[in-house]
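Summary of structural features
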Amino acid sequence: MHPQPHHLRRCLALAAALASATCGTANAQGAAGYPSRPVTLVVPTAAAGGTDTIARLFADALGKALKQPFVVDNRPGANGIIGVESVAKGPADGYRLLFTYAATMAVNPSLYRKLPYDPLRDFAPIAQIGRAGNLLLVRKDLPVNTLQEFVSYAKAHPDTLNYCSWGLGSGGHLTMESLKKQAGITMTHVPYKGSGPCVQDIMGGQVDAGFGDTATTVELVKAGRVKALAHSTQRLPSLPEVPSMAEAGYPFKNYSWYGIFAPAKTPPAIVARLNEQVLRALRDPALIQRMRELNFSDLPLTTPQQFTQTLRQDLDDWSQLVKETGVQLD
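Predicted, not measured: the structure shown is a model, and the values here were computed from it. (Residues numbered from 1 in each chain as written. Predicted model: local features only at pLDDT ≥ 70, side-chain atom pairs only at ≥ 80, totals over all residues. Heavy atoms only, no water.)

Focus: the side chain of N254
Tracing the sequence through the fold places N254 in the loop between β9 (226-231) and β10 (256-263). At 3.4 Å, the side chain of N254 and the backbone oxygen of D317 are in polar contact. Ignoring any residue separated from it by four or fewer positions in sequence, one finds N254 in contact with T233, D317, W318 and L321. (Helix = DSSP H or I, 4+ residues; strand = E, 2+ residues; numbered from the N terminus. Polar contact = N/O pair within 3.5 Å; in protein donor to acceptor, adjacent residues only side chain to side chain. Contact = heavy atoms within 4.5 Å.)

Below you can see the structure in the form of structure tokens.
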């Protein structure tokens, strides 16, 4: 092969540089023009639950900020797997995003041997939303008022109490299994398809106990319709008399969160633009007030990189809890 003349090499180098610059400009313009049509926000739960309620708050905020509708698409079922998988296998163009709860990404990989998605490989984390735990609730006529009394009652009545959760392997299921193991008590698990029906049946007396999300249960506790014995991670400003599980002698370190994700190959500029708008929403006094009303006072502001690190840590922490409790679904 003959060597290229010097001026030809210079021309080729200039053309390559020009193409690169043009490509970079096009990418930047693509992010600046995003979104140019409605965006679908897939929520892997039924409507009206805690996840759906928070998702609609952010769909509204993002829609107003980015001047395009963010439309919530509820895809419940199979511990969130149906909805999450639908986004993992969807187009990576920023027009189909996932709004989900921690267990779908941090717990399911330890519970299912054949999970049809990998949280780290198949998704680009955009932003974490909130950090929280769950309330241990009991029916109002159960003759206990503290977690210690509940443990004593369960020991005195082995295998007679039952508890509900929002599904096999859910946060409510694993948290109660952790408590059972630490306290040496036995109860029967009754899995439901959502936290709402579970809490309804605790109120109705059909179920003795269960963990419930703070967004929808604090007011029920204040109204005396259920009793709250402990919060899984910390005392809540809205229920200052209710201790954390650690304070009551049964430590539990695993937090829950909500988060927004895009398919893995979504352009980084679009991920950055979405993160910027989510963080702007999380600084908005009106939205902060609404989140506090839903009992979310811990609202970290995370970059996509920080949220990825949180996800990695939570995958480890929940994996350890799954091993300790011995829960396995397939």
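Here's the deal with the sheet that holds β9
The five strands are arranged β7-β6-β8-β5-β9 in an open sheet whose pairing can be described as mixed. Both edges of this open sheet fall to β7 (188-191) and β9, since each of them pairs with a single strand only. Along the sheet, successive strands turn relative to each other by an average axial angle of 30 degrees, direction set aside. For strand β6 (residues 162-165) and β7, the ladder comprises four bridges, and the chain directions are parallel. When the bridges of β7 are listed, C164 appears paired with V190. With respect to the sheet, helix α8 (residues 171-183) is in contact with β5 (134-139), β6, β7 and β8 (209-213), its orientation differing from that of β6 by roughly 145 degrees. Contacting β5, β8 and β9, helix α10 (residues 214-222) runs over the sheet at an angle of about 120 degrees to β8. (Pairing = 2+ DSSP bridges. Axes fitted to C-alpha atoms, helices over the stretch in contact; angles between N-to-C directions.)

What to know about the pairing of β6
Burial along β6 is two-sided: the residues N162 and C164 and Y163 and S165 are all buried. At this point the chain moves from β6, through α8, to the parallel β7, and the crossover so formed is right-handed. In this structure, β6 lies alongside β8, joined through two bridges in parallel fashion. Across the sheet, the residue bridging to C164 is G210, located in β8. (Buried < 20%, exposed > 50% of the residue type's maximum accessible area, 1.4 Å probe, protein only. Right-handed = clockwise from strand over helix to strand, strands pointing away.)

Details of the packing of aromatic side chains
Scanning the entire structure with this criterion turns up ten aromatic pairs. Ring centres of F261 and F307 lie 5.1 Å apart, and the angle between their planes is 45 degrees; this geometry places the pair in the tilted category. Here F307 lies in helix α13 (residues 304-325) and F261 lies in strand β10, a separation of 46 residues in the sequence. The residues F261 and F307 share a single accessibility class, namely buried. Among the aromatic residues, those joined into a ring-pair cluster are Y117, F123, W257, F261 and F307. We note R37 situated over the ring of Y95; from NZ or CZ to the ring centre the distance is 3.7 Å. Above the face of the Y255 ring, R131 is positioned so that its terminal group lies 3.8 Å from the ring centre. (Phe/Tyr/Trp six-rings, centres within 6.5 Å; stacked < 30°, edge-to-face > 60°. Lys NZ or Arg CZ within 6 Å of the ring centre and 35° of its normal.)

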